[in-house]
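Chain by chain, the residues run as shown.
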Amino acid sequence: MTKVTLKRKIAPRVANGHPWVFANEVQGTEGAVGAGDIVRVESHDGKYIGTGYINPQSQIVVRILSRDPKEVIDDNFFYKRIARAWEYRQHIGYTENCRLIFGEADFLPALIIDKFNDYFVLQTLALGMDRWKGAIVEALRRIFNPKGIYERNDVPVRELEGLQQVKGPIGPAFDPQIIIRENGLKFHVDLEHGQKTGYFLDQQDNRRAISAIVKDADVLEAFCYTGTFGVHAAHYGAKSVLGLDISETAVAQARRNAELNGLQDRCAFEAMNAFDVLKAWSKENRSYDVVMLDPPAFTKSRENIQKAITGYKEINLRGMKLVRPGGFLVTSSCTNLVQPNLFLEIIALAAKDARRQLRQVTFRAQSSDHPIIWGMENTEYLKFLMVQVL
Ligand code: SAH
């Protein structure tokens, strides 16, 4: 097996559990290097660190799959890892829908699998993982006997790995318009055209968290996508729900979701630019009992972090101004680089400018089917904050 030796300074980080080896961290390689091949990673003094896959074209040249020198990376390895991930999800209480594989957090770097009851959506985001797609699909078939597996590899990061963007069913074609159940409600999910894998499972636990505060409330949901929070709010007793999203398709799906649950009388969804609307409405002194914000990631690169901070501050400031005294702001951030403490600092600055005091109800992360591995910063990406705005 080809051997990759790490520079002395780098080895501790990787040896302590981080699965990524960057190109500039490699001291040397011994043996032939084929893109996607399995390699042995060693420290500068020849100690085994892990077994991973290599892609000389990628900035992340090796991703570690195993820390056991005896473990063979073959089809059965993927079966075992996926079976173990499913056992874990069940153990912590997931039954129908969950992120089954959350990449690095399930020790399968660059692999994402969402389980929507009998349907599965798959992303292989690195060449070394893409190679094993056949084994991964076979494992899903053995464990779940799925009604359908859909590939959503239509993501630009694949190009950094020298991979093409592709999407479509794997195996027999099936109708990618499905209905899932969540928290006692039903939602249309479009596996083909929906954003990311079609549905944001990472908020599934947090949607339940709003149940008490929305009762009898007038609710504004900005960046609503298919209206999942809004429909939950109506279900939990909100008087009225207005959801806004820039995407016409998302808004249309949100309306269908309200109808699917018989909540259309209390829910309205409009295609609008939330940035403009929040600004205009806060100046007009409109007000709501609950304002919910869940914008898309503002940046993926460190250079733009300041822009992201400004963006979060701006929308949260506007959002707070729209909350009636004693009402609630429910605000999320999925920007990886904005770590939880920084997010809280931004909200504090917004509150100061809005001249409002905040009382924290809860502050948490993504749902538990997206595990956070301590020491792997990028596995903790979603911030979900609920505050009373005094
Ligand atoms: N809360 C949703 C997920 C929101 S994802 C859920 O749990 O399902 C973020 C959404 O913001 C996307 O649907 C995207 O279309 C929308 N969006 C992006 N820019 C926007 C803008 N300027 N105004 C309104 N919506 C926007």
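All figures in this text were calculated on a predicted structure; none of them were measured in a lab.

Enquirer: Explanation requested: the packing of aromatic side chains in the structure shown.
Expert: Aromatic rings considered in pairs are described by the distance between their centres and by the relative angle of their planes. Tallied over the entire structure, the rule returns 16 aromatic pairs. Ring centres 6.1 Å apart and planes at 40° place the aromatic pair F275 and F298 in the tilted group. With F275 in helix α9 (residues 274-283) and F298 in the loop between β17 (288-293) and α10 (305-321), the pair connects residues that are 23 residues apart, well separated along the chain. A centroid spacing of 5.8 Å and a plane angle of 85° characterise the contact between Y312 and F343, whose relative ring orientation is edge-to-face. With a gap of 31 residues between them, Y312 in helix α10 and F343 in helix α11 (residues 340-354) connect regions that are remote in the sequence. By the burial criterion, Y312 is buried, and F343 matches it. Linked through ring pairs, F223, F275, F298, Y312 and F343 together constitute an aromatic cluster. The ring of W281 carries R286 above its face, with NZ or CZ at 3.7 Å from the centroid.

Enquirer: What exactly am I supposed to notice about unusual backbone geometry here?
Expert: Negative phi characterises most residues that are not glycine, and trans characterises most peptide bonds. Its identity is not glycine, yet Y225 carries a phi of approximately 50°, on the positive side. Position of Y225 relative to the elements: it lies in the loop between β14 (218-222) and α7 (228-235). Look at Y225 and you get buried, because its relative accessible area is 10%.

Enquirer: Would you take a moment to explain the pattern of salt bridges for this structure?
Expert: Side chains that carry opposite charge are capable of pairing whenever their charged atoms lie near each other. Here the structure, examined in full by the defined rule, presents 26 salt bridges. With its nearest N and O atoms 3.8 Å apart, the salt bridge here joins K133 to D130. On the accessibility criterion, D130 (16% relative accessible area) is buried. The partner of D216 in a salt bridge is K215, with the nearest N and O atoms 4.0 Å apart. Summarising the burial analysis for this pair, D216 and K215 share the class exposed. Salt bridges sharing partners connect three or more residues here, namely K3, E30, R40 and E42.

What counts and how
Residues numbered from 1 in each chain as written. Predicted model: local features only at pLDDT ≥ 70, side-chain atom pairs only at ≥ 80, totals over all residues. Heavy atoms only, no water. Phe/Tyr/Trp six-rings, centres within 6.5 Å; stacked < 30°, edge-to-face > 60°. Helix = DSSP H or I, 4+ residues; strand = E, 2+ residues; numbered from the N terminus. Buried < 20%, exposed > 50% of the residue type's maximum accessible area, 1.4 Å probe, protein only. Lys NZ or Arg CZ within 6 Å of the ring centre and 35° of its normal. Salt bridge = Lys/Arg side-chain N within 4 Å of Asp/Glu carboxyl O.

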